[in-house]
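If you want the building blocks of each chain, they are given just below.
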Amino acid sequence: MNDLKGEAYESLLWHNENGIEIKPYYTGEDLKQEYEPAFTHTDWEVTVQAKNSDTTSANKDLLEKLNSGASAISIVLGNHKPEVLLNGIQLNYIHSTFYVNENNAASLKNYLEKNYNANEISFTLFPEDFASDADLKTWSGISDSFKNFTKANTCSFNALSFHNLNCFAYYEVALIMAGLVENIEEFSAKGLLSQTGLALKTGVSSDYFMQIAKLRAIRRLWKLISAEYKVDKDLYLIAETSLTNKSISDSYNNLLRTTVESMAAVSGGCNELIISPFDVLLPSNKNLPERMAVNQQLILKNESYLNTMADTACGSFYVESITDALAKKALEAFKEIEKQGGFLKCLGNGLISKTIDAQAKQKEEWIRSGKQVIIGVNKFKNEREKIGIPASKIGELREMGIHNPVLSYELEHFFSEKHA
């Protein structure tokens, strides 16, 4: 009490953006129970994405990245021909993720059946579209066609877009649970649940401890849902660094942001990690950003040894406390979504977008007011930095910046058509 120098203890309490009360210190008395590890695996896959629209170039790019240390690939199949895109890539030695639709799923299935035994390849499938009951039924049909692949995760939910719309962490977890439940109920009704693994994709921002808590809360709530639906399977969790806090100004700071995000993803228990290049908003067409996105993870493995231990936050007075608080608030939001008819109904009637929009605007105001500090943007800006942006690119950036408050701030204060 002497350290307070007359100030009330309550003056040191504050509430973060999720409405969780944060105390100045935590002790064992703050723990509510004896905690089991949220996950037990130690390593994760270094995942790279196919960027080129030209199939041959995309194949070459993937092979180069795999030879440079990547251990998994992620592909939006689109109009790519699998036999060209995957030429020379040995899928039986890596994990692969494909985003497919009703038109191209069959070509992927035929390629896999022709070139591999069904029980020797590990992969995850996500639907390109998941916004209606019709999309869900289509997806369960696609999943059924892959049922002979014993190591496939096809009961899946991609929440990355909601993360990049800049919602609060607790609401992101609630949406994840609601989306998974939609899939589980559909797959269970069609007798597909026992034939497939379950996968989830989401984003991680640079709010380090809260992002660790978020991923741990997902696994903690998954235990509740899996018990309810009698699913004896773990979640395969794919994390990707956020687009909500990346800047054009002082873009090398993005390397530091993605490193913090990567450490949070690993400490939170991701099975795969995708790091966006530091020039993701204004690509330079150089190899350095893409190479660094792989090397960051290799350093975390081979020089920091983060792949040798599981759930390092287990038992932490602070992290366990905020994990509990975040999971509790997410569960309340999830129950409200279910009360309103479930994920797809709330997505269709605009309730989800309305909620996220309000949260994103709140975050943008914090950056405008300086309450949230973004180094090199709203504090410690490099005044000597000169960035040329083609006029044609500014419109694209403005569209991208709707839910990236950092970029919105930059376009308003630093860049405009007259400066292009």
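What counts as what
Residues numbered from 1 in each chain as written. Predicted model: local features only at pLDDT ≥ 70, side-chain atom pairs only at ≥ 80, totals over all residues. Heavy atoms only, no water. Salt bridge = Lys/Arg side-chain N within 4 Å of Asp/Glu carboxyl O. Helix = DSSP H or I, 4+ residues; strand = E, 2+ residues; numbered from the N terminus. Buried < 20%, exposed > 50% of the residue type's maximum accessible area, 1.4 Å probe, protein only. Pairing = 2+ DSSP bridges. Axes fitted to C-alpha atoms, helices over the stretch in contact; angles between N-to-C directions. Expected span 1.5 Å × (residues − 1). Arc of directions from axis to C-beta. Contact = heavy atoms within 4.5 Å. Parallel < 35°, antiparallel > 145°, perpendicular 65-115°, else oblique. Left-handed = near helix turned anticlockwise from the far one by under 90°. Nonpolar A, V, L, I, M, F, W, Y, C, P; charged D, E, K, R; others polar. Phe/Tyr/Trp six-rings, centres within 6.5 Å; stacked < 30°, edge-to-face > 60°. Lys NZ or Arg CZ within 6 Å of the ring centre and 35° of its normal.

Draft legend 1. Inspection of the pattern of salt bridges at higher detail. One pass over the structure, following the stated rule, counts 19 salt bridges. When the shortest N-O distance is used, the salt bridge between Glu186 and Lys137 registers 3.9 Å. Placement of the pair is Glu186 in helix α6 (residues 169-189) and Lys137 in helix α4 (residues 133-145), with a sequence separation of 49 residues. Among the residues examined, Glu186 registers a relative accessible area of 10% and is labelled buried. According to the relative accessible area criterion, Lys137 is partly exposed, its value standing at 47%. Arg220 is the partner of Asp324 in a salt bridge, and the nearest nitrogen-oxygen pair spans 2.5 Å. Residue Asp324 is located in helix α10 (residues 317-339), and its partner Arg220 is located in helix α7 (residues 208-228); the two are separated by 104 residues in the primary sequence. When its relative accessible area of 14% is taken as the criterion, Asp324 is described as buried. Salt bridges here are not isolated pairs; linked through shared partners, they connect Arg216, Arg220, Asp311, Glu320 and Asp324.

Draft legend 2. Up close: the sheet that holds strand β9 (residues 235-241). The eight strands lie next to each other as β3-β4-β5-β6-β7-β8-β9-β10, forming a closed barrel whose pairing is parallel. On average, adjacent strands in this sheet sit at an angle of 25° to one another, irrespective of strand direction. Direction of pairing for β9 relative to strand β10 (residues 272-274): parallel, over a ladder of three bridges. Paired with Ala239 across the two strands is Leu273, which belongs to β10.

Draft legend 3. Representation of unusual backbone geometry within the structure. The phi torsion at Asp250 lies on the positive side, around 45°, for a residue other than glycine. One can find Asp250 in the loop between β9 and α8 (253-268). On the accessibility criterion, Asp250 (21% relative accessible area) is partly exposed. A positive phi angle, close to 45°, is found at Asp311, a residue other than glycine. Examined against the element boundaries, Asp311 turns out to sit in the loop between α9 (287-302) and α10. Asp311 sits in the buried class, given a relative accessible area of 4%.

Draft legend 4. Summary view of α4. With 13 residues, α4 should reach 18 Å at 1.5 Å per residue; the first-to-last C-alpha distance of 19 Å fits that figure. Of all the residues in α4, the buried ones are Leu136, Trp139, Ser140, Ile142 and Ser143. Taken around the axis of α4, the buried residues stretch over an arc of 160°, which confines them to a single face. Among the structural elements, β5 (95-100), α3 (105-115), β6 (122-127), β7 (152-158), α6 and α11 (343-348) are those in contact with the buried residues of α4.

Draft legend 5. Layout of the packing of α8 against α9. Orientation of α8 relative to α9, taken along the N-to-C sense of each, is 45°, at an axis distance of 11 Å. Relative to α9, α8 is oriented oblique. At the point where α8 passes α9, the crossing takes the right-handed sense. On α9, the residues touching Leu255, Thr258, Thr259, Ser262 and Met263 of α8 are Met292, Gln296 and Leu300. Each residue belonging to the contact of α8 with α9 can be placed in one class, and the counts come to four nonpolar, four polar and no charged.

Draft legend 6. Geometry of the packing of aromatic side chains. Under the definition given, this model contains 17 aromatic pairs. Ring geometry for Phe130 against Phe343: centres 6.1 Å apart, planes inclined by 20°, an arrangement best described as stacked. Taken as a pair, Phe130 in the loop between β6 and α4 and Phe343 in helix α11 lie far apart in primary sequence, 213 residues in all. Centre to centre, the rings of Tyr409 and Phe414 are 6.0 Å apart; their planes meet at 80°, and the pair counts as edge-to-face. Taken as a pair, Tyr409 and Phe414 share a single burial class, namely buried. Counting every residue linked through ring pairs, the aromatic cluster contains Tyr26, Tyr208, Phe209 and Tyr318. Here the basic side chain of Lys301 rests over the ring of Trp44, its NZ or CZ set 4.4 Å away from the ring centre.

Draft legend 7. Examining the environment of Val181 more closely. Within the fold, Val181 resides in helix α6. Owing to a relative accessible area of 3%, Val181 belongs among the buried residues under this scheme. Sequence separation between Val181 and Phe343 is 162 residues, and the spatial gap between their C-alpha atoms is 8.4 Å. Setting aside residues no more than four positions away along its own chain, Val181 makes contact with Ile225, Tyr229, Phe334 and Glu338.

Draft legend 8. Inspection of the environment of Ile375 at higher detail. Position of Ile375 among the secondary structure elements: in the loop between α12 (351-369) and α13 (391-400). In sequence terms Ile375 and Lys328 are 47 residues apart; their C-alpha atoms lie 32 Å from each other. Setting aside residues up to four positions removed in sequence, Ile375 forms contacts with Asn253, Arg257 and Phe380.

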